[in-house]
Amino acid sequence: DQQVKQNSPSLSVQEGRISILNCDYTNSMFDYFLWYKKYPAEGPTFLISISSIKDKNEDGRFTVFLNKSAKHLSLHIVPSQPGDSAVYFCAASADDKIIFGKGTRLHILP
Amino acid sequence: KAGVTQTPRYLIKTRGQQVTLSCSPISGHRSVSWYQQTPGQGLQFLFEYFSETQRNKGNFPGRFSGRQFSNSRSEMNVSTLELGDSALYLCASSPYSSYNEQFFGPGTRLTVL
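Here goes a summary of the coordinates provided.

Conventions used here
Residue numbers here run from 1 along each chain, matching the order of that chain's written sequence. Written order decides the labels, with chains lettered from A and ligands numbered from 1. Totals for whole chains, interfaces and linings use all residues, but because this is a predicted model, local features are given only for residues with pLDDT of at least 70 and pairs of side-chain atoms are given and counted only at 80 or more. Side-chain metrics rest on all non-hydrogen atoms present in the structure, leaving aside hydrogens and water. Residue types Ala, Val, Leu, Ile, Met, Phe, Trp, Tyr and Cys, when buried and joined through side-chain atoms within 4.5 Å, form a set referred to as a nonpolar core. Burial classes follow relative accessibility: with a 1.4 Å probe on protein chains only, a residue under 20% of its type's maximum area counts as buried, one over 50% as exposed, and anything between as partly exposed. Secondary structure follows DSSP: runs of H or I at least 4 residues long count as helices, runs of E at least 2 residues long count as strands, and numbering of each begins at the N terminus. The contact rule is simple, with two residues in contact once any of their heavy atoms fall within 4.5 Å. Should DSSP find at least two bridges between two strands, the strands are regarded as paired. Two rings from Phe, Tyr or Trp (for Trp, the six-membered ring) form a pair when their centres sit within 6.5 Å of each other. Planes less than 30 degrees apart are called stacked, planes more than 60 degrees apart edge-to-face, and all others tilted.

Grouped together as the largest cluster of nonpolar side chains are 24 residues, with contacts concentrated most on Phe-33, Trp-35, Leu-73, Leu-75 and Tyr-88 of chain A. Of all the elements in the fold, those that place two or more residues in this core are strand E3 (19-25), strand E4 (32-38), strand E5 (45-51), strand E7 (62-67), strand E8 (72-77), strand E9 (86-93) and strand E11 (104-109) of chain A. Discounting chain neighbours no more than four positions away, the residues touching Tyr-88 of chain A are Gln-6, Leu-21, Trp-35, Tyr-36, Lys-37, Leu-47, Leu-75, Ile-77, Gly-103, Thr-104 and Leu-106 of chain A. Listed in part, the 21 residues of the second largest apolar core include Leu-21, Trp-34, Met-76 and Tyr-89 of chain B.

Right under this line is the structure:
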């Protein structure tokens, strides 16, 4: 039972355009959501998070949107840069657990 | 501040052997979590330790175990290795809880032959 789903294994976006990565979850008890970015041969690094009491959080080029009724969150990167090419994991947490999605590989095209 | 360190970075073992991986968290962080990353499954939570106590555990067999020392350093042990245990094992630390922002180490790449 996959509680956090990233349905797109990969995504290609032109440099300078907007990248939108999506994540769906099934458990309404999740109250905190995070995005991590991972380069090859490195551990994931925290990007941005959002609490369930908000519907948007922005940090520079990165914005996370949360739609609780749809149990859906998305990460927007604008403008996309070559260094954004990486695997992005979304994660959802509640009091007693954290669940990661399987990741989406983002390719930024020149 | 030094980041999370994991040793060794690479390890090759054969089926049936056991292995111990080590993780040193960021100074002052009391929560240490372990994850297994495989190509098809993403990041799967193994367990979390806080103040030397296992606070949470994922759905892995009892062959996977861990512990945390008084200085917050943690070890993970896998006994009777199977081919399917080949993966990247990641350790992450945070000040209080794995449920908010965590800082990951570079991982230990385990290959079981």
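After presenting the structure, the write-up continues.
Turning next to the sheet that holds E3 of chain A. Residues and elements named next belong to chain A. Strand order in the open sheet formed by five strands is E1-E3-E8-E7-E6, with antiparallel pairing between adjacent strands. Among the strands making up the open sheet, the edge pair consists of strand E1 (4-5) and strand E6 (56-59). Of the pairings in the sheet, the one linking E6 to E7 comprises four bridges and is antiparallel in character. Across the sheet, Asn-57 pairs through a bridge with Val-64, a residue of E7.

Here we come to the packing of aromatic side chains. All chains considered together, the criterion is met by 11 aromatic pairs over all chains. With centroids separated by 6.2 Å and ring planes inclined at 70°, the aromatic side chains of Tyr-25 of chain A and Phe-30 of chain A adopt a geometry described as edge-to-face. On the basis of relative accessible area, Tyr-25 of chain A is assigned to the buried category, the value being 6%. Among the aromatic residues, those joined into a ring-pair cluster are Tyr-36, Phe-46 and Phe-100 of chain A together with Tyr-35, Phe-45 and Phe-104 of chain B.

Without other data, these values stay purely geometric and don't point to any function.
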